[in-house]
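# Residue-level structure breakdown
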Amino acid sequence: MINNLNILLPEIFLTLSIFSILMIGVFIKNSFNLIFNLTSLIILLTIAIILNSSNNVEKIFLESFTRDSFSNFFKILILVSSLFVLNSSKNFILDRKLAKFEYPIIILLSILGMFFMVSSNDIILFYLGLELQSLSLYILASIDRDNLKSSESGIKYFVLSALSSGLLLYGCSLLYGFTGTTNFDLIAGELAKENTGAVFAMVFILVGLAFKVSAVPFHMWTPDVYEGAPTSITSYFAVVPKVAGLAVLIKFMHIPFSKILVEWQTIIIFLSIASMILGAIAAIGQKNIKRLLAYSSIGHIGYALAGVATGVISGYESAIVYISIYVVMNLGAFSCVYLLKKDGEYKENISDLSGISKKHPILAISFLIILFSLAGIPPLGGFFAKFYVFTAVVEQKMYALAIIGLLTTVISAFYYLKIIKTIYFDDSAISFDNTKNKFAQLSIFISCSILLTFFLYPSVLSNVVDTLFLN
Amino acid sequence: MDFPILSTLIFLPLVSSLFIFLSKGQNNNSAIYISLFSSLATFILSLFIWYSMDYASADFQFIEEQSWINDFIKFKLGIDGISILFIVLTTLITPICIISCINSVKNRVKEFLIAIMILETFMIGVFCSLDLVVFYLFFEAGLIPMFLIIGVWGGPKRVYSAFKFFLFTLLGSVLMLVAIIAIYWITGTTDVTQIYEIKIPKEYQNLLWLAFFSSFAVKTPMWPVHTWLPDAHVEAPTAGSVILAAILLKMAGYGFLRFSLPMFPLASEFFTPLIFTLSIIAIIYTSLVALMQEDMKKLIAYSSVAHMGYVTLGIFTFNKQGIEGSVFQMISHGLISAALFLCVGVVYDRLHSRMISTYGGLVSYLPKYSFLFIVFALAGLGLPGTSGFLGEFLVLTGSFQKNYLVAMLATFGVVLGAAYMLWLTKRVIFGVTKNDQIKNLKDLNKSEITMLGILALLVIFFGFYPVPLMETLNVSVDNLINNYEIAVQTKGLN
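Below is a summary of the structure that appears in this document.

What counts as what
- Residues numbered from 1 in each chain as written.
- Chains lettered and ligands numbered in written order.
- Predicted model: local features only at pLDDT ≥ 70, side-chain atom pairs only at ≥ 80, totals over all residues.
- Heavy atoms only, no water.
- Helix = DSSP H or I, 4+ residues; strand = E, 2+ residues; numbered from the N terminus.
- Buried < 20%, exposed > 50% of the residue type's maximum accessible area, 1.4 Å probe, protein only.
- Contact = heavy atoms within 4.5 Å.
- Buried area = accessible area lost by both parts, 1.4 Å probe.
- Salt bridge = Lys/Arg side-chain N within 4 Å of Asp/Glu carboxyl O.
- Polar contact = N/O pair within 3.5 Å; in protein donor to acceptor, adjacent residues only side chain to side chain.
- Nonpolar A, V, L, I, M, F, W, Y, C, P; charged D, E, K, R; others polar.
- Axes fitted to C-alpha atoms, helices over the stretch in contact; angles between N-to-C directions.
- Parallel < 35°, antiparallel > 145°, perpendicular 65-115°, else oblique.
- Left-handed = near helix turned anticlockwise from the far one by under 90°.
- Phe/Tyr/Trp six-rings, centres within 6.5 Å; stacked < 30°, edge-to-face > 60°.
- Lys NZ or Arg CZ within 6 Å of the ring centre and 35° of its normal.
- Pairing = 2+ DSSP bridges.
- Patch = residues over 30% accessible without salt bridge, like charges linked within 9 Å, V, L, I, M, F, W, Y side chains within 5 Å.
- Areas by Shrake-Rupley, 256 points an atom, 1.4 Å probe, with all protein chains shown as cover.

## Considerations on the environment of Asp478 of chain B
Residue and element names in this part refer to chain B.
- Structurally, the position occupied by Asp478 is in helix H21 (residues 467-489).
- The exposure class assigned to Asp478 is partly exposed, which follows from its relative accessible area of 30%.
- In the structure, Asp478 is positioned 155 residues away from Ile323 in sequence and 9.6 Å away in space, judged by C-alpha atoms.

In structure tokens, the structure reads:
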């Protein structure tokens, strides 16, 4: 047993580091900067540890914990995106006086929870990871506790999320009751036989997971929380938990529920179509950028779910490619939002973007690239994400899903165009401060470069993703 | 593999847009020179390709292949006798647009030039691609620069027009994307040359044809989805209208020839009555609409719809005269409509009005301008001796072999075409000068004479001597028709 502990090395390292920097925070005053930099260092080191570890499938603790290329890929994706979110939001955190030393520590704790989620091979471990993540997120949502909106969004998120966790837990206990085991592989074996009760369990679990990735009709919390929470938290919410949520969703469908595909496929198709349509239509009337990005993220989850709905490996792979490109686009989009600063105040309304192409041409062109990419217009990265998903969907002869999906891209193109119209066609209203937010600019640059040059060698991402399901 | 000459051709404008972006200097002079120089280089390169290709071969030439998306989709380029003409048209029109914007674009010149150069890359890409996904990539990508050209530099209703243009085209195209993916799963490839040989099973053809049609019909534009075109044309700046009319509309006609006809021959035959009906409606109805316009750009826009009606009519006659005629018509319409929009642009730059009623009696004060305007108007109505005549004549000859009634109705459209063009000329060029401002107008300056003169020479040259175009087309069109006839006779069975 003790020889196998190196499998857990990233988690162990992360846990010990969290406790250490917590101690630093408690004993040293005004240590936000120190802890913040240490957090970045820890994230980098954890990435290094994971890159160094082997990709062979290893299961420990009575096969409840897996380390394989699938979990490693998602861990790296989570870490890299957290690193970018944290660093590009640093100026925002300082300006908004959110610089409490707990902030980065809680982010690290939620990352730890997500690590267990994507690595779990057992319902109990999965639930523990999920709760660790969720509890951290409740605190993060209301971190700006003197702000009414932030506290409100925290409470809202807590109440609804707790409800969904309850449903999910109920599903887990039903699943245990009907199959007599908590291990994913054994459950899959049990479900190969006729097992009606387990279908109920599956529905409850699916509801819980759909809530975590904010798929319609379990999306109600998303716009309010996105708008209410400080932007630095919103960008974290929009990216990292989505990745982890989609990863466990795919894992559940791929391993324990693989034998009851017909039953869950219908539900996922419904979730996917509903998310795509609502994401496209509800975003049209939005005036707040964060709220708009919330609806846009609902739509994007719909497209990723369309890939999952195929129920085959190539579909899961396309969903993973999709979510990876989604991460790149959203990191860029939120980094742009950090630069909308006027007299020390951060602007959040779309109308504030009016005519910025004249005074801030670089910011405007970055927004343009990211928005067209979100709309899925070739030759930008977002197009290839959609292309992979719909290739997988059409392969399974799900033509209706493909056509509805692509028609909703036309509707959603409308509201992305509306922002571009505000930026490029309207007269300029305000000019923003020349912020020295180097890291946000860097992440915009990286994001735009990836999206622009993705068409040169689109296979680079899918070649990696292709190796995830080899086990 | 040889030197990747097609990729060079495609990406030369894109690279030059980077230099324009980095250029500095007063009055944007360096930006204009860079773009003019690079677009002329592109033009010369395309002429070189035209010169060095083998007309006697029906095969695709200058083929470039590169593995692209996950080994299953290749980045494949290649040209034949049909596509080279559109490429040369594109590379010819782009420098003319750049010359035109010296006079007409006043703000954000650098960005405008960048948009034009990026658009040129995508347009050449469309005509070079031999893979459905590559084609779709370039076809759709062109929306982005065009959307910005209309929206940023356009007229008062530019936002509405830009949105309408973008969403109409996108809506048509997404169905084509589903069809492309479906073709991949049916045939196992998206390589056009392989699909020609594999032959798509009959039961799929109709649906796939309709999906492609939805995209091409919007882009052509065919009645009743043509409504975006007048709006886009009216609001776009001159160079934008020119590119839209001269090249973007041709992508759909080219798409019919390259994809719909050879890939779905049975469906093409099945849907011929639909195309004929829509084409005839387009020819007659939009000609009547054009008669009633008070805005010059709108009038020319509607005449474009009518002219594209001849193109679709000619393509679906499936005989040599018809298809060669419609390709010729596309090239000639590319020159003539570009020239007419430039003519409107010239007076718009001076008086800032597109209304016909503003003008009248220009002939006394702008003699050079009036001369060129009349040349293009006569070419537009298809006067023998101009390129406009040959295209329409061949299409009508082709359609008489197929269906008398259709050909008769289409011929009626020629009369209507003459009516609106002559009436336009009468009201703008001749008549009494009511507007005092006209008396102070300056005649064409050097750059305007250059761009209009080149087009006028070409229009008249090809009117008398169409051989260079026909020679290039000949074998490729023969091959297209042969394959089509074999497919129809064997009912798609191998």
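## Side note on the interface of chain B and chain A
- Between chain B and chain A, the residue contacts involve 32 residues of the former and 38 residues of the latter.
- Between chain B and chain A lies a buried interface of about 3,400 Å² when both sides are counted; carbon and sulfur atoms form 83% of it.
- At the junction of chain B and chain A, the tally comes to zero salt bridges.
- Across the contact surface, chain B and chain A share six residue pairs in polar contact (both at pLDDT 80 or more).
- Counting only elements with at least two residues in the side of chain B that touches chain A, the list comes to strand S1 (61-69), helix H5 (132-141), helix H6 (143-153) and helix H7 (158-187) of chain B.
- Taken together, the residues of the side of chain B that touches chain A sort by class into 27 nonpolar, two polar and three charged.

## Digging into the packing of helix H7 (residues 148-179) of chain A against helix H9 (residues 196-212) of chain A
Residues and elements named next belong to chain A.
- Orientation of H7 relative to H9, taken along the N-to-C sense of each, is 155°, at an axis distance of 8 Å. Our classification of the angle between H7 and H9 gives roughly antiparallel. Handedness of the crossing formed by H7 with H9: left-handed.
- Across the contact of H7 with H9, the residue classes break down as 17 nonpolar, six polar and one charged.

## Considerations on the pattern of salt bridges
Residues and elements named next belong to chain A.
- One pass over the structure, following the stated rule, counts 20 salt bridges over all chains.
- The partner of Lys341 in a salt bridge is Asp95, with the nearest N and O atoms 2.9 Å apart. Of this pair, Lys341 sits in strand S3 (residues 341-342) while Asp95 sits in helix H4 (residues 90-95), placing them 246 residues apart in sequence.
- A relative accessible area of 14% places Lys341 in the buried class.
- For Lys156, the salt bridge goes to Glu152, with nearest N and O atoms at 3.0 Å. Of this pair, Lys156 and Glu152 both sit in helix H7, four residues apart, which is roughly one turn of the helix.
- Exposure remark for Lys156: the relative accessible area of 28% places this residue in the partly exposed category.
- For Glu152, a relative accessible area of 42% gives the class partly exposed.
- One network of salt bridges, in which partners are shared, links Lys149, Glu152, Lys156, Asp224, Glu227 and Arg291.

## Here we look at the packing of aromatic side chains
Residue and element names in this part refer to chain B.
- Taken as a whole and judged by the stated rule, the model has 66 aromatic pairs over all chains.
- Their ring planes at 25° and their centres at 5.4 Å tell us that Phe389 and Phe393 sit as a pair that is stacked. Of this pair, Phe389 and Phe393 both sit in helix H18 (residues 387-402), four residues apart, roughly one helical turn.
- Here Lys219 stacks its cationic end above the ring of Phe139, 4.9 Å away from the centre of that ring.

## Details of the pairing of S1 of chain B
- In terms of strand pairing, S1 of chain B meets strand S2 (residues 73-79) of chain B through six bridges, oriented antiparallel. Counterpart to Gln61 of chain B in the pairing with S2 of chain B is Ile79 of chain B.

## Examining a nonpolar patch on the surface
- Where nonpolar side chains cluster on the molecular surface, the patch consists of Met23, Val26, Phe27, Ile28 and Leu34 of chain A and spans about 520 Å² of accessible area.
- When you line up the elements, Leu34 of chain A lands in helix H2 (residues 32-52).

## A closer look at the environment of Phe455 of chain A
- By the secondary structure assignment, Phe455 of chain A is in the loop between helix H19 (438-453) and helix H20 (459-466).
- Owing to a relative accessible area of 14%, Phe455 of chain A belongs among the buried residues under this scheme.
- For the pair Phe455 of chain A and Ile419 of chain A, spaced 36 residues apart in the sequence, the C-alpha separation amounts to 24 Å.
- Setting aside anything within four residues of it in sequence, one finds Phe455 of chain A in contact with Pro379 and Phe384 of chain A together with Trp68 of chain B.

## Things to note about the side chain of Thr422 of chain A
- With respect to the secondary-structure elements, Thr422 of chain A resides in helix H18 (residues 399-424).
- The contacts of Thr422 of chain A, once residues within four sequence positions are left out, are Ile350, Ser351, Leu353, Ser354 and Gly355 of chain A.

## Description of the packing of helix H1 (residues 5-22) of chain B against helix H2 (residues 29-52) of chain B
Residue and element names in this part refer to chain B.
- Relative to each other, H1 and H2 sit at 175°, their axes nearing to 9 Å. In terms of axis orientation, H1 runs roughly antiparallel to H2. Contact residues: H1 offers Ile5, Leu6, Thr8, Leu9, Leu12, Pro13, Ser16, Phe19 and Ile20, while H2 offers Ala31, Ile34, Ser35, Ser38, Ala41, Thr42, Leu45, Ser46, Phe48 and Ile49.
- Class assignment for the residues of the contact of H1 with H2 results in 13 nonpolar, six polar and no charged.

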